[in-house]
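Chain and residue survey
Residue-level listing of the chains:
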Amino acid sequence: MITIWKPRMRADTGRPEVGLACYKVEREGAELEVEITYVTKSGRRIWPHKFRVRRSVVESCSCQVVKGMRLYIVPLSFMDEVVPQAELRSAR
């Protein structure tokens, strides 16, 4: 699993995207789990669930060097949110 502190907002669309370090992607399997741990001032997580994305999708995204680290820039819209079964049952 790859943990991200905070996604960035794309300047032209305002949509969230994450930078995944290339070396971390390479050591994961065919499917990656990504967790965003950002918490607001009130203590609420904006993205409380993990996301799942195929490695092939990540590797098809653009690559940038940020502060000396190569990152795949992946929009959150390319990822599937993983909601625990217990939460799905309680929502019904």
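The structure under discussion appears in the preceding block.
I will try to describe carefully the structure that is included in this document. (Residues numbered from 1 in each chain as written. Predicted model: local features only at pLDDT ≥ 70, side-chain atom pairs only at ≥ 80, totals over all residues. Heavy atoms only, no water.)

Attention shifts here to the overall build of the protein chain. Counting secondary structure elements, the protein chain contains 3 helices and 8 strands. Each helix and strand of the protein chain, placed in order from N terminus to C terminus, yields the pattern β-β-β-α-β-β-α-β-β-β-α. Principal-axis analysis of the C-alpha atoms gives the protein chain an extent of 45 × 30 × 20 Å. By the burial criterion, 28% of the 92 residues in the protein chain qualify as buried. Long-range contacts, defined as pairs at least 24 residues apart, comprise 58% of the intrachain contacts of the protein chain with a sequence gap of at least 6. (Helix = DSSP H or I, 4+ residues; strand = E, 2+ residues; numbered from the N terminus. Buried < 20%, exposed > 50% of the residue type's maximum accessible area, 1.4 Å probe, protein only. Contact = heavy atoms within 4.5 Å.)

Before going further, it helps to spend a moment on the packing of aromatic side chains. Geometry of an aromatic ring pair is reported as the spacing of the ring centres plus the angle between the planes. The full count for this structure, using the stated rule, is 1 aromatic pair. Seen from their ring centres, Trp5 and Tyr38 are 5.6 Å apart, and the 80° between their planes marks the pair as edge-to-face. Taken as a pair, Trp5 in the loop between strand E1 (2-4) and strand E2 (8-9) and Tyr38 in the loop between strand E4 (31-36) and strand E5 (50-54) lie far apart in primary sequence, 33 residues in all. (Phe/Tyr/Trp six-rings, centres within 6.5 Å; stacked < 30°, edge-to-face > 60°.)

Turning next to the pattern of salt bridges. Enumeration over the complete set of coordinates arrives at 8 salt bridges. The salt bridge partner of Arg10 is Asp12, with a shortest N-O separation of 2.7 Å. You can call Arg10 partly exposed: its relative accessible area is 40%. By sharing partners, the salt bridges in this structure join Arg8, Arg10, Asp12 and Glu17 into a single network. (Salt bridge = Lys/Arg side-chain N within 4 Å of Asp/Glu carboxyl O.)

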